[in-house]
There are 2 protein chains.
Amino acid sequence: MLVTVGDNRFHPLWLRDNCPCRECRHESGQRLLDTRSIPDDLTVVSVEGATVTFSDGHASTFDPDWLDAQSHPAERRRRRLWGAELTDELPVGRYDEVVDGGEALATWLAYVDELGFAILVGGPTEPGTVTRVAELFGYVRETNYGRLFDVRTVVSPTNLAYTGLGLGAHTDNPYREPTPTLQLLHCLASSAEGGENTVVDGFRVAGALTAVERELLAGHPIRFRYADAATELEAETPVLSVGADGEVCTVHYNTRSAQPFRLPESVIGPYYAAYQRFGRLLESPEYKLSFKLEPGDLFAVDNLRVLHGRAAYAPSGGERHLQGCYADRDALRSTLAVLSR
Amino acid sequence: MLVTVGDNRFHPLWLRDNCPCRECRHESGQRLLDTRSIPDDLTVVSVEGATVTFSDGHASTFDPDWLDAQSHPAERRRRRLWGAELTDELPVGRYDEVVDGGEALATWLAYVDELGFAILVGGPTEPGTVTRVAELFGYVRETNYGRLFDVRTVVSPTNLAYTGLGLGAHTDNPYREPTPTLQLLHCLASSAEGGENTVVDGFRVAGALTAVERELLAGHPIRFRYADAATELEAETPVLSVGADGEVCTVHYNTRSAQPFRLPESVIGPYYAAYQRFGRLLESPEYKLSFKLEPGDLFAVDNLRVLHGRAAYAPSGGERHLQGCYADRDALRSTLAVLSR
């Protein structure tokens, strides 16, 4: 059933589907041939070199190197897991270099792509800087919090982020669908005592769980919710998701917005045990990084992988003012790929 | 291990985690108590009515009705699968009523939520109308195509959407991560012959596959890609995703941007058989709806569920001009929930 072309074997439908001729593939690279139109009983009539003739009369001439490459495993996205040892080599870019684009921007974006976070130092303290940094590589994801939002102590807060309370490691907005895949936080003022930022690699910590714990956290979606006078957001998602390759590919963890678990009686005990172990490992000094943003500094996290938190601060002992915004990974990776051409 | 309160049994950690007192839960509804801080060996010391006292000394008084409701299955999102029979009751709203908000807007948004698409008729033909409609309920997802994009025939197109070619049923932008969950298309001109829009319920069609076909399409992620001079987007996702409840919850199908499948030799044949069956069922008159947008009309689709397409049109025989934009479901559902309060 498979046909040998060059050194490798291919399915007739696969070959026909991937014909590179101008009739089958638009110069933009998109497929013109609608795969659905290929007859089920298509066969290969002849192979000469890298030219394949099919029973529908069509002949396709492939680039032999391209054909050979298709038989090897696709390149995986680079991803480097980390723990507290990364303190010695924090992924830091300089604002004045990164805003100029080119290699400095590519390096900074690659930190976010590979490590799930990056810090940018020495920027302005001007309001709105955070969205301008997002626009260096992508697009702001506007939400009910606005294009950007202020994080500081307010009277009658609708969100704990707007108090002086410490916040344990969490991902943002798990009640949103789709969850924003990137978050940026920019420091405008930080004279208050405390309020250090923390980050932890959720994929690394998930790897420290037992297989049974991972399966519990991946197998039972839980609900997250946020509501105020103008908003009512609710989404159901498991704490961990595992891809077809068996690797953890998303983390949603937020004890503030998690709704009461609705789990079978036999599952609730083991589930809490796994949930508590994961939550506590996220706070373990073995995995957690801590740094204090100076005015003008900023950091970006991959919000489906790296959890962030902050130490408590005394709202009366000085000022702490951050601005945040959301954005998405697709544009970041696109910009990184284009800069790397 | 479980404790009886009222008519139901609860886990001690669950009860403590969901204490409604002002010390444990902020008035915003967010949990103040960090679940991680609850001791593993917590027990219930006494239960009196709906007041539970724990071994950590804390006492929680629950609303008995709330507690009882937690033991019943959570309400599921309404979702109504459909086929071609929906032609007789197309989900149509009137622009002048829907823009006024209130019940007409709620009804229109509920169509999108339950059926995965809705049509809006009688709107203006002014450019930019499409984003103003998105802003009635949510936020535009800006991409490399802009806040909005024009769909008409152009010279040297980088995308087949910008030609007069017919387009089979597809979801948009599967090469993006996260995939936009909503798409809106607004008609500014439609004097060309042909170019009818089509929609099909991907969840309904997935239900017509065999279990083996569904497992093949859900079990093997494929790659989608789009590239031009300034952009390089690539994402890997299966054609179908199945949630923890066993229901299909996302569809990604686009024969134009699908990259050559990299599948084991033993899988490629059965995979193509399932892929072709799904693709052809999507075009079957049993499932597909067709309608022609008049100038001023618009439609919205849930881009992870309802596939859209268009009949070919003769670019020389008149004008066809649409404007499109992307948005997301979370804000739509939030607006619908707030309007329904």
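This text follows the structure it describes.
Predicted model, so just to flag it, every value in this text is computed and none were measured. (Residues numbered from 1 in each chain as written. Chains lettered and ligands numbered in written order. Predicted model: local features only at pLDDT ≥ 70, side-chain atom pairs only at ≥ 80, totals over all residues. Heavy atoms only, no water.)

*Asks:* I tried to follow the overall build of chain A on my own but got confused; where do I start?
*Replies:* Counting its regular elements, chain A contains nine helices and 19 strands. Dimensions of chain A along its principal axes, counting C-alpha atoms only, are 80 × 55 × 45 Å. A buried classification covers 55% of the 341 residues belonging to chain A. Here the contacts in chain A between residues at least 6 apart in sequence split such that 76% fall between residues at least 24 apart. For chain A, the exposed surface amounts to about 13,600 Å²; the carbon and sulfur share of it is 50%. For chain A, the distance from the average site of its 33 positive side-chain charges to the average site of its 48 negative ones is 4 Å. (Helix = DSSP H or I, 4+ residues; strand = E, 2+ residues; numbered from the N terminus. Buried < 20%, exposed > 50% of the residue type's maximum accessible area, 1.4 Å probe, protein only. Contact = heavy atoms within 4.5 Å. Areas by Shrake-Rupley, 256 points an atom, 1.4 Å probe, with all protein chains shown as cover. Lys, Arg positive; Asp, Glu negative; His and termini not counted. Charge placed at Lys NZ, Arg CZ, Asp CG, Glu CD.)

*Asks:* Please clarify how the interface of chain B and chain A should be interpreted in this entry.
*Replies:* Interfaces are often described in size by the accessible area the parts lose on coming together. Counting residues at the interface gives 83 residues for chain B and 83 residues for chain A. Of the roughly 7,100 Å² buried at the junction of chain B and chain A (both faces included), carbon and sulfur atoms supply 45%. When the buried area of chain B at its contact with chain A is split by residue, B:Gln30, B:Arg36 and B:Arg262 rank highest and sum to 12% of it. Run the count over chain B and chain A and you get 14 salt bridges. One salt bridge in this structure joins A:Arg329 and B:Glu177, with 2.4 Å as the shortest N-O distance. (Buried area = accessible area lost by both parts, 1.4 Å probe. Salt bridge = Lys/Arg side-chain N within 4 Å of Asp/Glu carboxyl O.)

*Asks:* Which parts of the structure should I look at to understand the packing of helix H7 (residues 211–219) of chain B against helix H8 (residues 265–282) of chain B?
*Replies:* Describing two packed helices takes the angle between their axes plus the distance from one axis to the other. Residue and element names in this part refer to chain B. Two elements in contact, H7 and H8, have axes whose closest approach is 9 Å; the angle formed by their N-to-C orientations is 105 degrees. Put simply, H7 runs roughly perpendicular to H8. Here Glu-213, Leu-216 and Leu-217 of H7 come into contact with H8, specifically with Val-267, Pro-270, Tyr-271, Ala-274, Tyr-275, Arg-277 and Phe-278. (Axes fitted to C-alpha atoms, helices over the stretch in contact; angles between N-to-C directions. Parallel < 35°, antiparallel > 145°, perpendicular 65-115°, else oblique.)

*Asks:* Can you help me understand unusual backbone geometry in this one?
*Replies:* Glycine aside, residues mostly have negative phi, and peptide bonds are mostly found in the trans state. Residue and element names in this part refer to chain A. With omega at 5 degrees, the peptide bond leading from Glu-177 into Pro-178 counts as cis. For Pro-178, the location among the structural elements is in the loop between strand S9 (167–170) and strand S10 (182–190). The backbone phi angle of Asn-173 is positive, close to 55 degrees, even though this residue is not glycine. Locating Asn-173 in the fold gives a position in the loop between S9 and S10. Residue classification places Asn-173 among the buried residues on the basis of a relative accessible area of 2%.

*Asks:* Please explain the relation of the copies chain B and chain A as it appears in this structure.
*Replies:* Here two copies of a chain appear, and what relates them is a rotation about an axis with a shift along it. The two copies are related by a screw motion: chain B maps onto chain A through a turn of 180 degrees and a shift of 0.0 Å along the axis, at an RMSD of 0.0 Å. Taken together, the turn and the small shift mark the pair as related by a two-fold rotation axis. Of all interface residues in chain B, 100% are interface residues in chain A too; the two copies therefore contact each other through one and the same surface. (Least-squares fit on C-alpha atoms with pLDDT ≥ 70 in both.)

*Asks:* Where do I start with the environment of A:Glu236 in this structure?
*Replies:* Here A:Glu236 is to be found in strand S13 (residues 231–237). For A:Glu236, the residues in contact, after removing those within four places along its chain, are A:Pro221, A:Ile222, A:Arg223 and B:Arg76. Polar contacts involving the side chain of A:Glu236 include one to the side chain of A:Arg223, which spans 3.1 Å. (Polar contact = N/O pair within 3.5 Å; in protein donor to acceptor, adjacent residues only side chain to side chain.)

*Asks:* What's the story with the side chain of B:Thr250 in this structure? I'm lost.
*Replies:* Residue and element names in this part refer to chain B. Mapped onto the secondary structure, Thr-250 falls in strand S15 (residues 248–251). For Thr-250, a relative accessible area of 15% translates into the label buried. Separated by 2.8 Å, the side chains of Thr-250 and Ser-241 make a polar contact. Among all residues touching Thr-250, those that are not within four sequence positions of it are Phe-203, Val-239, Leu-240, Ser-241 and Leu-304.

*Asks:* Would you explain the nonpolar core in this entry?
*Replies:* Note on soluble globular proteins: their nonpolar side chains tend to be buried together. Counting residues in hydrophobic clusters, the biggest one holds 70 residues, and the most contacted among them are A:Phe117, A:Tyr271, A:Phe278 and B:Leu15. When residues of this core are assigned to their parent elements, the largest contribution, nine residues, is made by helix H8 (residues 265–282) of chain A. Membership of the second largest hydrophobic core comes to 69 residues, among which are A:Leu33, B:Val239, B:Leu281 and B:Leu293. (Core = buried A, V, L, I, M, F, W, Y, C linked by side-chain atoms within 4.5 Å.)

*Asks:* When you look at the sheet that holds strand S18 (residues 306–310) of chain A in this model, what are you seeing that I'm missing?
*Replies:* The strands making up a sheet associate through backbone hydrogen bonding, with each pair oriented either parallel or antiparallel. Residues and elements named next belong to chain A. Spatial strand order, S9-S18-S11-S16: four strands in an open sheet with antiparallel pairing. Each having just a single partner strand, S9 and strand S16 (289–291) make up the two edges of the open sheet. Strand after strand, the sheet turns through a mean of 20 degrees between neighbouring axes, direction not considered. (Pairing = 2+ DSSP bridges.)

*Asks:* What is the right way to look at the state of the cysteines in this model?
*Replies:* Two cysteines whose sulfur atoms are joined by a covalent bond form what is called a disulfide. Taken as a whole, this structure holds zero disulfides over all chains when the rule is applied. The closest cysteine sulfur to the non-disulfide-bonded A:Cys187 is located on A:Cys325, 15 Å from its own sulfur. (Disulfide = S-S within 2.5 Å.)

*Asks:* Would you mind going over the sheet that holds strand S4 (residues 51–54) of chain B with me for this structure?
*Replies:* Residues and elements named next belong to chain B. An order of S3-S4-S5 is seen for the three strands of this open sheet, with the pairing classed as antiparallel. At either margin of the open sheet sits one strand with a lone partner, and together these are strand S3 (44–48) and strand S5 (59–61). Along the sheet, successive strands turn relative to each other by an average axial angle of 15 degrees, direction set aside. One ladder, built from four bridges, connects S3 with S4; its direction is antiparallel. Directly across from Ser-46, in S4, lies its bridge partner Thr-53.

*Asks:* Before we go on, may I ask you to explain the packing of aromatic side chains in this structure?
*Replies:* The description of an aromatic ring pair uses the distance of the two centres, along with the angle that the planes make with each other. All names here are of chain A. Using the criterion set out here, one finds 32 aromatic pairs over all chains in the structure. Plain terms: the ring middles of Tyr-253 and Tyr-275 are 5.4 Å apart, the flat faces sit at 45 degrees to each other, and that makes the pair tilted. Taken together, the residues Tyr-253 in the loop between strand S15 (248–251) and H8 and Tyr-275 in helix H8 connect sequence positions 22 residues apart. On the accessibility criterion, Tyr-275 (1% relative accessible area) is buried. Chaining the aromatic ring pairs together yields one cluster made of Tyr-253, Phe-261, Tyr-271, Tyr-272, Tyr-275 and Phe-278. (Phe/Tyr/Trp six-rings, centres within 6.5 Å; stacked < 30°, edge-to-face > 60°.)

*Asks:* Please clarify how the pattern of salt bridges should be interpreted in this entry.
*Replies:* Side chains that differ in sign of charge can pair as their charged atoms come close. Residues and elements named next belong to chain A. Under the counting rule described, the total for this entry stands at 52 salt bridges over all chains. For Arg-94, the salt bridge goes to Asp-96, with nearest N and O atoms at 3.4 Å. Judged by relative accessible area, which is 42%, Arg-94 ranks as partly exposed. Assessed through its relative accessible area of 39%, Asp-96 is described here as partly exposed.

*Asks:* When you look at the side chain of A:Asn197 in this model, what are you seeing that I'm missing?
*Replies:* Within the secondary structure layout, A:Asn197 lies in strand S11 (residues 197–201). Setting aside chain neighbours within four positions, we find A:Asn197 in contact with A:Leu289, A:Ser290, A:Phe291, A:Leu293, A:Phe299, A:Gly309, A:Arg310, A:Arg320 and A:Leu322.

*Asks:* Would you mind going over a negative patch on the surface with me for this structure?
*Replies:* On the surface, a cluster of negative charge is made up of A:Asp7, A:Asp63, A:Asp65 and A:Asp68. Position of A:Asp68 relative to the elements: it lies in helix H2 (residues 64–69). (Patch = residues over 30% accessible without salt bridge, like charges linked within 9 Å, V, L, I, M, F, W, Y side chains within 5 Å.)

*Asks:* Would you mind going over the environment of A:Phe62 with me for this structure?
*Replies:* Residue and element names in this part refer to chain A. Inspection of the secondary structure puts Phe-62 in the loop between strand S5 (59–61) and H2. A relative accessible area of 4% places Phe-62 in the buried class. The sequence separation of Phe-62 and Thr-51 amounts to eleven residues, and the corresponding C-alpha distance is 6.3 Å. Setting aside chain neighbours within four positions, we find Phe-62 in contact with Leu-15, Asn-18, Cys-19, Pro-20, Ala-50, Val-52 and Leu-67.

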